Amino acid sequence: SGASVDQRFCFQEVFDSFKLCLSENKEVYLEHYVDGWRGLVKFLNCLGSVFGFIAKDAVNKVQVLVALMSGESGSQYATIQSMVKYELDNGLVDVTKRGSHPESGCRTLLRLHRALRWLELFLERLRTSGEDGKTSVMCAEAYNESLSQHHPWVIRKAAGVAFCVLPGRPAFFEVMNVGSTEQVVAMLGGALPLISEVYNITEELYAQHNLLDLP
Ligand code: 1PX
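Since the structure is predicted, the reported quantities are computational estimates derived from the model, not experimental observations. (Residues numbered from 1 in each chain as written. Predicted model: local features only at pLDDT ≥ 70, side-chain atom pairs only at ≥ 80, totals over all residues. Heavy atoms only, no water.)

Peer 1: Whenever I open this one, the overall build of the protein confuses me. Can you help?
Peer 2: Across its full length, the protein carries ten helices and zero strands. Along the protein, from the amino end to the carboxyl end, the secondary structure elements read α-α-α-α-α-α-α-α-α-α. For the protein, the C-alpha radius of gyration of 17 Å lies close to 17 Å, the compact-globule estimate for 215 residues. With respect to the principal axes defined by its C-alpha atoms, the protein has extents near 50 × 40 × 35 Å. When the 215 residues of the protein are sorted by exposure, 44% land in the buried category. For the protein, long-range pairs separated by at least 24 residues make up 69% of all intrachain contacts whose partners lie at least 6 apart in sequence. With an accessible surface of roughly 11,000 Å², the protein has 53% of that area assigned to carbon and sulfur atoms. Here the protein contributes 20 positively and 25 negatively charged side chains, and the mean placements of these two sets differ by 7 Å. (Helix = DSSP H or I, 4+ residues; strand = E, 2+ residues; numbered from the N terminus. Rg over C-alpha atoms; globule rule 2.2 N^0.38 Å. Buried < 20%, exposed > 50% of the residue type's maximum accessible area, 1.4 Å probe, protein only. Contact = heavy atoms within 4.5 Å. Areas by Shrake-Rupley, 256 points an atom, 1.4 Å probe, with all protein chains shown as cover. Lys, Arg positive; Asp, Glu negative; His and termini not counted. Charge placed at Lys NZ, Arg CZ, Asp CG, Glu CD.)

Now the structure itself:
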């Protein structure tokens with residue numbers, strides 16, 4: 001049916017969104033950043049309900065950003081750079097502990113930004129893995145090297161359980177819906193430098209403004 005066709009995920013969409021993210025002067029468009037995350041959530045939903053709690057959190061974060069982008073001050077949320085400037089200039093960020101601005105764009109995006117590092121590490125492993133590579137191991141290693149440092153024990157535990165039921169590499173590539181294994185590997189080779197560039201630009205911006213530990 002039409003509905004099931006719409007649901008069909010294609011990883012190319014995610015790649016395209018992250019490609020559109022970068023402006024000529026290396027600013028990051030929030031709209032495309034959020035679109036990239038929407039695509040990733042679609043993919044996660046194809047993997048089954050065990051990943052529901054992860055998808056739900058990502059969707060919440062996306063919704064917070066969409067509300068800001070479409071709100072009164074929406075024009076200030078065109079890029080990550082303009083968002084940071086606007087929120088800091090106007091005292092809209094809780095810097096040391098959560099207070100009157102528990103859902104600032106800056107702190108919300110930081111959570112997705114940290115998860116983007118996980119994605120980068122995971123996709124790089126996926127790209128270079130052999131036919132019998134275990135996605136669950138690749139996923140857990142990438143997580144332990146990145147996002148896990150920001151999560152309490154109970155989340156790390158739940159994530160560990162979810163990783164165990166990830167499909168194997170062939171089924172995983174199937175869900176990515178890009179084509180043959182060679183095509184997936186080639187696509188990842190093209191996508192990773194872009195994802196990494198978006199990550200690095202954001203990381204540097206947040207470091208400059210001392211925003212890397214926002215509560
Ligand atoms: C072709 C490969 C594509 C794979 C796509 C998978 C997309 C994964 C999307 C993961 C998004 C995770 C966002 C997590 C943000 C976060 O860290 N939130 C925590 C902190 O938020 P707070 O507002 O409380 O400060 C929050 O506590 C998180 C709860 C949910 C658990 C997060 C576990 C993350 C595991 C990441 C790996 C996903 C595994 C996907 C398997 C492919």
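Peer 1: When you look at the site of the ligand in this model, what are you seeing that I'm missing?
Peer 2: Inspection of the region around the ligand gives 23 residues, with Asp57, Lys61, Arg107, Arg111 and His151 positioned closest. Measuring from a nitrogen atom of the ligand, one finds a side-chain N or O atom of aspartate 57 at 2.7 Å. Between the ligand and the protein, one listed contact pairs an oxygen atom with a side-chain N or O atom of lysine 61 at 2.8 Å. For the ligand, whose accessible area on its own is 930 Å², the fraction buried by protein is 90%. Going through the elements one at a time, helix H3 (30-46), helix H4 (52-69), helix H6 (105-128), helix H8 (153-164) and helix H9 (169-176) are the ones with two or more residues in the shell around the ligand. For the shell around the ligand, the residue count by class is 18 nonpolar, one polar and four charged. (Near = heavy atom within 4 Å. Polar contact = N/O pair within 3.5 Å; in protein donor to acceptor, adjacent residues only side chain to side chain. Nonpolar A, V, L, I, M, F, W, Y, C, P; charged D, E, K, R; others polar.)

Peer 1: Mind showing me how you'd approach the confidence of the model for the protein here?
Peer 2: Detail in the predicted coordinates should be disregarded across regions flagged by low pLDDT. Per-residue pLDDT for the protein has a mean of 94; in total, 96% of the residues score no lower than 70. Low pLDDT (under 50) marks residues 1-5, which in the prediction has zero contacts with non-local residues, meaning those over four places away or in another chain. (pLDDT = per-residue confidence, 0-100.)

Peer 1: Even after reading the chapter, I still don't get H6, so can you show me in this structure?
Peer 2: Because an α-helix packs 3.6 residues into every turn, residues spaced three or four apart end up facing the same way. Look at H6: 35 Å from first C-alpha to last across 24 residues, which is about the 34 Å you get at 1.5 Å a residue. With respect to burial, H6 is a largely interior element, 19 of its 24 residues being buried. (Expected span 1.5 Å × (residues − 1).)

Peer 1: Any chance you could explain H3 here in plain terms?
Peer 2: With 17 residues, H3 ought to run about 24 Å at 1.5 Å a step, and its terminal C-alpha atoms sit 25 Å apart, in line with that. Residues of H3 that are buried: Leu30, His32, Tyr33, Val34, Gly36, Trp37, Gly39, Leu40, Val41, Phe43 and Leu44. In this structure, the buried residues of H3 make contact with helix H2 (11-21), H4, helix H5 (80-89), H6, H9 and helix H10 (181-208). The first or second residue beyond H3 is glycine 48, which carries a positive phi of 115°.

Peer 1: What am I meant to see in the side chain of glutamine 81 here?
Peer 2: With respect to the helices and strands, glutamine 81 occurs in helix H5. What glutamine 81 contacts, discounting residues up to four positions off in sequence, is Lys26, Glu27, Val28, Ile201 and Leu205.

Peer 1: Honestly, the pattern of salt bridges in this entry has me stumped. Any pointers?
Peer 2: If the charged atoms of two oppositely charged side chains come close together, the side chains can form a pair. Considering all chains together, one arrives at nine salt bridges under this definition. Residue arginine 117 is joined to glutamate 120 by a salt bridge in which the shortest nitrogen-to-oxygen separation is 3.4 Å. With arginine 117 and glutamate 120 both in helix H6 and three residues apart, the pair spans about one turn of that helix. On the accessibility criterion, arginine 117 (29% relative accessible area) is partly exposed. A single salt-bridge network, built from bridges that share partners, covers Arg125, Glu141 and Glu145. (Salt bridge = Lys/Arg side-chain N within 4 Å of Asp/Glu carboxyl O.)

Peer 1: Would you mind showing me how to read the packing of aromatic side chains here?
Peer 2: Between two aromatic rings, the relevant description is the distance of the centres plus the angle of the planes. Across all of its chains, the model carries six aromatic pairs by this definition. For the ring pair phenylalanine 18 and tyrosine 33, a centre distance of 6.2 Å and an interplane angle of 80° mean the geometry is edge-to-face. One end of the pair, phenylalanine 18, is in helix H2; the other, tyrosine 33, is in helix H3, with 15 residues separating them in the sequence. Accessibility assignment for this pair places phenylalanine 18 and tyrosine 33 in one class, buried. A ring pair is formed by tryptophan 118 and phenylalanine 122, whose centres lie 5.3 Å apart and whose planes are at 10°; its orientation type is stacked. Separated by four residues within a single helix, tryptophan 118 and phenylalanine 122 lie in helix H6, roughly one turn from each other. The pair formed by tryptophan 118 and phenylalanine 122 is uniform in burial state, with each residue classed as buried. Connected via pairs of aromatic rings, a cluster forms that spans Phe43, Trp118, Phe122 and Phe172. (Phe/Tyr/Trp six-rings, centres within 6.5 Å; stacked < 30°, edge-to-face > 60°.)

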